[in-house]
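Listed below, chain by chain, are the residues.
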Amino acid sequence: MRVPLSWLREYVDLPATETGRDVQAKLISAGLEVETVDHLGADLKGPLVVGQVLTIEELEGFKKPIRFCTVDVGQANGTGEPQEIVCGARNFAVGDKVVVVLPGATLPGGFSIAARKTYGKVSHGMICSGDELGMGDDGSHGIIVLPPETEAGRDAVELLELVDEVLDIAVTANRGDCLSIRGVARETAIAYGLPLRDPALLDVPGPNAYGYPVKIADPTGCDRFTARTVTGLSPEARSPIWLQRRLQKVGMRPISLAVDVTNYVMMELGQPLHAYDRSLVQGTIGVRRAGEGEKIVTLDGTERVLHAEDLVITDDRGPIGLAGVMGGANTEIADDANATTDVVIEAAHFDAVSIARTARRHKLSSEASRRFERGVDPQAAAAAAQRTVDLLVLLAGGTAEAGVTEISAPHAPRTITVPADHPDKVAGVPYGRETVVRRLQEVGCDVYGQDELLVTVPSWRPDLTDPNDLAEEVIRLEGYENLPATLPKPPSGRGLTPRQRLHRRVGRALAGAGYVEALSYPFLAEKVFDQLGLADDDPARRVVKLVNPLSDEEPALRTTLLPGLLGALRRNDGRGSHDLALYETGLVFLPRDDQRAAVRLPVDRRPSDEDLAALNAALPDQPRHVAVVLAGAREQAGWWGKGRPADWADAVEAARTVAREAGAELVVRKGQYGPWHPGRCAELVVDVDGTERVVGHAGELHPRVLKSLGLPARTCAMELDLDVLERVGDDTPRAPGISTFPVATQDVALVVDAFVPAAEVEAALRDGAGELLESIRLFDVYDNAEQLGEGRKSLAYALRFRAADRTLTVDEASAARDAAVALAGDRVGAVLRG
């Protein structure tokens, strides 16, 4: 919301010495986010005056039209003689009043004006456009043509209000009242302790039977509707300069008088309005829900197919406007030879949720919808309509008809009971009853009672719904900066939890292995499960959906880390980084079978263990997962030798790295699941209380998944449940055993069937070798059918034997090796090669 300081001063008598920066500091202290203060015309220096065009001579022989003009600028040039100026614009004629900048002046941007020779003539100044004066978009994109009655020689800086300060306020979703000059003026008056001249305090005639007929079919969607009629508007009437300038300063473009007046009142009072050409409205104006598939052409020229939940304004033909969002083209106010002379003014109050959904559904955010969806003062509708009528009568010579239509559903004002010391308990500051009552009265509340206050909330503050909201009002007006700063005192001896320590160790280990952390949003679209090839009954498809997602395209919370990581890999690959190894540790969200509604925690005391337990019971399960994705080269090629592409084994090794940090024993075996290639997928298993449990998968992704997600060929991935690894692991630090006795190494090559996993062979060798086995390593895989036979493969292992108390003999090492080979033969049918 842009708020000109000059407009603000109309309603609050600020000290003359107060600058925009001073007001910004006060409003920030009161809780408003004033982002910037724009100094309009700060680098503008005169003389800048009104001139009347006397003559225009067309100069020939140039690539573009050039005109040599003489302009009467009165006594502004010191001589009274006509000013000679060269100009290329063509939207003015002899007799027009224009804005002239004379030599010696400086325009915004540091552009100095001096007499200079151009196109064979000497130009003593310049005829100005709105852009050159920093006035913003006025819709004309040409020279400013002033009203004929403007006096030549008058100071144009004052006339066009070019020097001003504009506060740019980022209004939060709960403060719809501050999307108006009225609302910001009220906050300013409170901050300075000054009285407010409320622009909504107008004498408004009561409703009668002569007003324009209106019928509301949905009082839930529209609980108030005011209609006023003004006739006899002058077709030649245009918005005065002051009105145009105020609209430009708040960021709106002047269009026509009737439209400009409704926009002006909306910015002034915060009540959106709409003006209909009365001659184009057929019959009774109605408010109802749209029929499914109904169509309307809105003012932006777009035909829109309506939804059954859309609230629409209608006449006897059908929809003539999207309620609270945008009017229809079939009743548009004209601004040409057939200019509108009779208008019907609509000032209504619509349901905030309905308007917000309609604006999102049609991707049509307007100034009106921004206000309605944040909460508009329902009591301001009649005053806004009266203010609009008054301005149209004043500026366009119209006549206000006596008829007044006002339909409203009965609503009692909202009342809240709150202990007088409740703000004291929330803030930890002894404000006292007198301060609490005074601050609540300043924001417009009626307050009664002593120890227990009965507070009636003003109509312009729909965000005040419970005692904590009232406490917040007291705290912010007393100053957040006055709250004492106290640091919590945790009990000694408490550091990171085991879960946090494991999280950090895993991150360091993966970073040390060459992975880069990539954090992604925890939101996803359900269609990604189809792209990942998950079965229809896969538990990962059960998601928790957000009521108010950041994006309608991603309304669900993730049940797997892969979509976010693969999206990051795809973006980086598309930007030229083809050798990628990314990892992420984060929460996934799994719905409970007995999901409950969340409880509201108290703020005047520490929540009890029962309160916290009830809150946790309402949350979805949130286990922490770890995932990695790889693509391109895992080892770069260079003078040192050939590189190596990333493959499924790297993903499996990443899982082993994580398991080592958790102190868990991870079993890797052949598997098949969703996005992974069925022949290159490893199932990751741990033992949980004597029961095998699958905690993740690793390997190369399926080609169909790569094509669906736009990923590089042979992309690999791994995902593990980190919480389960922590539960089964033992992260107790252990010093490595250092022996003074030498190691005995025995190599063995075993031939097994091709379908036998290497992990099973390794497990048999480990069990058969006994306590003397220190380590085992697979160093070669050979599958030549001519030498080994069809469907057979050779696995070569290096076995390291060592005793803690003696040097092993060759016979002891050989006996241990033979025992290992024998057990492998019994379990998996392995035979020694050769």
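Residues numbered from 1 in each chain as written. Predicted model: local features only at pLDDT ≥ 70, side-chain atom pairs only at ≥ 80, totals over all residues. Heavy atoms only, no water.

Draft legend 1. Geometry of the overall build of the chain. A tally of helices and strands in the chain yields 22 helices and 42 strands. Whereas a compact globule of 834 residues would reach a radius of gyration of roughly 28 Å, the chain reaches 39 Å, over 25% beyond that. When burial is assessed residue by residue, the chain has 47% of its 834 residues classed as buried. Across the chain, contacts joining residues at least 24 apart in sequence account for 70% of those joining residues at least 6 apart. In the form shown here, the chain has an accessible surface area of approximately 41000 Å², with 50% of it arising from carbon and sulfur atoms. Averaging the positions of the 92 positive and the 123 negative side-chain charges in the chain gives two centres separated by 3 Å. (Helix = DSSP H or I, 4+ residues; strand = E, 2+ residues; numbered from the N terminus. Rg over C-alpha atoms; globule rule 2.2 N^0.38 Å. Buried < 20%, exposed > 50% of the residue type's maximum accessible area, 1.4 Å probe, protein only. Contact = heavy atoms within 4.5 Å. Areas by Shrake-Rupley, 256 points an atom, 1.4 Å probe, with all protein chains shown as cover. Lys, Arg positive; Asp, Glu negative; His and termini not counted. Charge placed at Lys NZ, Arg CZ, Asp CG, Glu CD.)

Draft legend 2. A look at the side chain of Gln-83. Looking at where Gln-83 falls in the secondary structure, it is placed in strand β5 (residues 83-87). A polar atom in the side chain of Gln-83 sits 2.8 Å from the side chain of Asn-77. Ignoring anything within four residues of it in the chain, the contact list for Gln-83 reads Cys-69, Thr-70, Val-71, Val-73, Asn-77, Leu-102, Pro-103 and His-124. (Polar contact = N/O pair within 3.5 Å; in protein donor to acceptor, adjacent residues only side chain to side chain.)

Draft legend 3. Seen up close, the sheet that holds strand β40 (residues 773-782). Here we have four strands laid out as an open sheet, ordered β40-β41-β39-β42, and antiparallel in their pairing. Every other strand in the sheet has two partners, leaving β40 and β42 (831-832) as the edge strands with one partner each. Pairing of strand β39 (residues 744-753) with β42, which is carried by two bridges, proceeds in the antiparallel orientation. Looking at β42, one finds that Val-751 is bridged to Val-831. (Pairing = 2+ DSSP bridges.)

Draft legend 4. Structural context of the sheet that holds strand β1 (residues 2-4). Pairing within the open sheet is antiparallel, and its three strands lie in the order β1-β13-β2. Of all the strands in the sheet, the pair left with one neighbour each is β1 and β2 (33-40). The sheet shows a mean angle of 25° between the axes of neighbouring strands, direction not considered. (Axes fitted to C-alpha atoms, helices over the stretch in contact; angles between N-to-C directions.)

Draft legend 5. Quick look at the side chain of Gln-746. Structurally, Gln-746 is set in strand β39. Residue Gln-746 is classed as buried on the basis of its relative accessible area, which comes to 13%. Apart from the residues lying within four places of it in its own chain, the contact partners of Gln-746 are Tyr-797, Ala-798, Leu-799, Phe-801, Ala-813, Ser-814 and Arg-817.

Draft legend 6. Spotlight on the pattern of salt bridges. In the structure shown here, the tally under the stated rule is 60 salt bridges. The closest approach of N and O atoms between Glu-473 and Arg-476, which form a salt bridge, is 2.8 Å. Of the two residues, Glu-473 and Arg-476 are both situated in helix α12 (residues 467-478); the distance of three residues between them amounts to about one turn of the helix. We note that Glu-473, like Arg-476, is buried. The residue Arg-806 makes a salt bridge to Glu-812 at a minimum N-O spacing of 2.9 Å. Owing to a relative accessible area of 26%, Glu-812 belongs among the partly exposed residues under this scheme. Counted as one network, the salt bridges with shared partners bring together Arg-175, Asp-177, Glu-187, Arg-461, Asp-463, Glu-473 and Arg-476. (Salt bridge = Lys/Arg side-chain N within 4 Å of Asp/Glu carboxyl O.)

Draft legend 7. Layout of the packing of aromatic side chains. Summed over all chains, the structure comprises seven aromatic pairs. Seen in terms of ring centroids, Trp-242 and Tyr-264 are 5.6 Å apart; in terms of plane orientation they differ by 85°. Their pairing is edge-to-face. Here Tyr-264 lies in helix α6 (residues 257-269) and Trp-242 lies in helix α5 (residues 241-249), a separation of 22 residues in the sequence. Take Trp-242: its relative accessible area is 30%, and that puts it in the partly exposed class. We classify Tyr-264 as buried; its relative accessible area is 1%. Here a set of aromatic residues connected by ring pairs shows up, and it is made of Trp-7, Trp-242 and Tyr-264. It is Arg-67 that lies over the ring of Phe-92; its NZ or CZ is 4.9 Å from the centre. Cation over ring: Lys-121 sits above Phe-68, and NZ or CZ is 4.9 Å from the ring centre. (Phe/Tyr/Trp six-rings, centres within 6.5 Å; stacked < 30°, edge-to-face > 60°. Lys NZ or Arg CZ within 6 Å of the ring centre and 35° of its normal.)

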